[in-house]
Amino acid sequence: MASRYLITADKVVEGAVVPEKIKLKMARNATLLEEKTKAVSEAKTSLEEQRASLKKRTQEYEKEYADYSSKLVNLRREAKLGGNFFVEPEAKLLFVTRIVGIIKLSPKPRKVLQLLRLKQLHNGVFLKVNKPILQMLKLVQPYVTYGYPSLKTVRALVYKRGFGKVTKQRIPLTD
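Residues numbered from 1 in each chain as written. Predicted model: local features only at pLDDT ≥ 70, side-chain atom pairs only at ≥ 80, totals over all residues. Heavy atoms only, no water.

Participant: Even after reading the chapter, I still don't get the overall build of the protein, so can you show me in this structure?
Facilitator: Summing up its helical and strand segments, the protein has 4 helices and 5 strands in all. The order of helices and strands in the protein, counted from the N terminus, is α-β-α-β-α-β-α-β-β. By the compact-globule yardstick of 16 Å for 175 residues, the protein is too spread out, its C-alpha radius of gyration being 29 Å. With respect to the three principal axes, the spread of C-alpha positions in the protein is 95 × 55 × 25 Å. In the protein, which comprises 175 residues, the share counted as buried stands at 15%. Here the contacts in the protein between residues at least 6 apart in sequence split such that 59% fall between residues at least 24 apart. (Helix = DSSP H or I, 4+ residues; strand = E, 2+ residues; numbered from the N terminus. Rg over C-alpha atoms; globule rule 2.2 N^0.38 Å. Buried < 20%, exposed > 50% of the residue type's maximum accessible area, 1.4 Å probe, protein only. Contact = heavy atoms within 4.5 Å.)

Right, dumping it as structure tokens:
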């Protein structure tokens, strides 16, 4: 039951004659009010649990990123001390931006741009790095620009332009 619905509380003066329909209505409203308070309290506790789990997961991700970056720093230092070269790990994420409009665009690159969700000029998308995506990028090389973003850049872009879907509505991300 939604918390936004108002359930009226009918009050009867003591000793007054109350019609049967009003008695039934009062009984129904009392049960509905109990259900509503129970549903609201359950929703509140579930929301608190969900927020706590999200907070815990965020802290785990941040710890994982910090561990990974410190591991890379240690590997670079070891390679430097040993007189070796350190080969940076390949990026897992791409950011692709469309830089050319639709005028004089042949059908194949147009379809690839559509598959990459780059339907308008200056649209940008995050893509996972894999062989099919890289092949598609070769086809649309003159029409897009792309690069490997850092964690700071991804975070800034998502917080500035990111949206989440809650109850089929786009809600901007804030924190």
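After that view, the rundown keeps rolling.
Participant: Which parts of the structure should I look at to understand the sheet that holds strand β3 (residues 144–147)?
Facilitator: Sheet strands pair via backbone hydrogen bonds, and the direction of the pair is either parallel or antiparallel. Strand order in the open sheet formed by 3 strands is β2-β1-β3, with antiparallel pairing between adjacent strands. A single partner strand is all that each edge strand has here, and the edge strands are β2 (124–128) and β3. Each strand of the sheet is rotated relative to its neighbour by a mean of 25 degrees, with strand direction disregarded. Taken together, the 5 bridges between strand β1 (residues 93–98) and β2 define a ladder with antiparallel strand orientation. When the sheet's bridge partners are listed, L93 is paired in β2 with K128. Running at roughly 25 degrees to β1, helix α3 (residues 131–139) makes contact with β1, β2 and β3 of the sheet. (Pairing = 2+ DSSP bridges. Axes fitted to C-alpha atoms, helices over the stretch in contact; angles between N-to-C directions.)

Participant: Which parts of the structure should I look at to understand the environment of D175?
Facilitator: Here D175 lies in the segment after β5 (169–172). In this structure D175 comes out as exposed when scored by relative accessible area, which is 77%. Sequence spacing of D175 and L116 is 59 residues, and the spatial spacing of their C-alpha atoms is 27 Å.

Participant: Explain the nonpolar core here, please?
Facilitator: Nonpolar side chains in soluble globular proteins tend to end up buried together. Grouped together as the largest cluster of nonpolar side chains are 14 residues, with contacts concentrated most on V96, L116, L137 and V140. Mapped by element, the contributors of at least two residues to this core are β1, α2 (107–115), β2 and α3. (Core = buried A, V, L, I, M, F, W, Y, C linked by side-chain atoms within 4.5 Å.)

Participant: Help me out: how do you make sense of a nonpolar patch on the surface in this one?
Facilitator: A contiguous nonpolar patch, built from Y61, Y65 and L151 and spanning about 310 Å² of accessible area, is present on the exposed surface. Structurally, L151 is set in helix α4 (residues 151–161). (Patch = residues over 30% accessible without salt bridge, like charges linked within 9 Å, V, L, I, M, F, W, Y side chains within 5 Å. Areas by Shrake-Rupley, 256 points an atom, 1.4 Å probe, with all protein chains shown as cover. Salt bridge = Lys/Arg side-chain N within 4 Å of Asp/Glu carboxyl O.)

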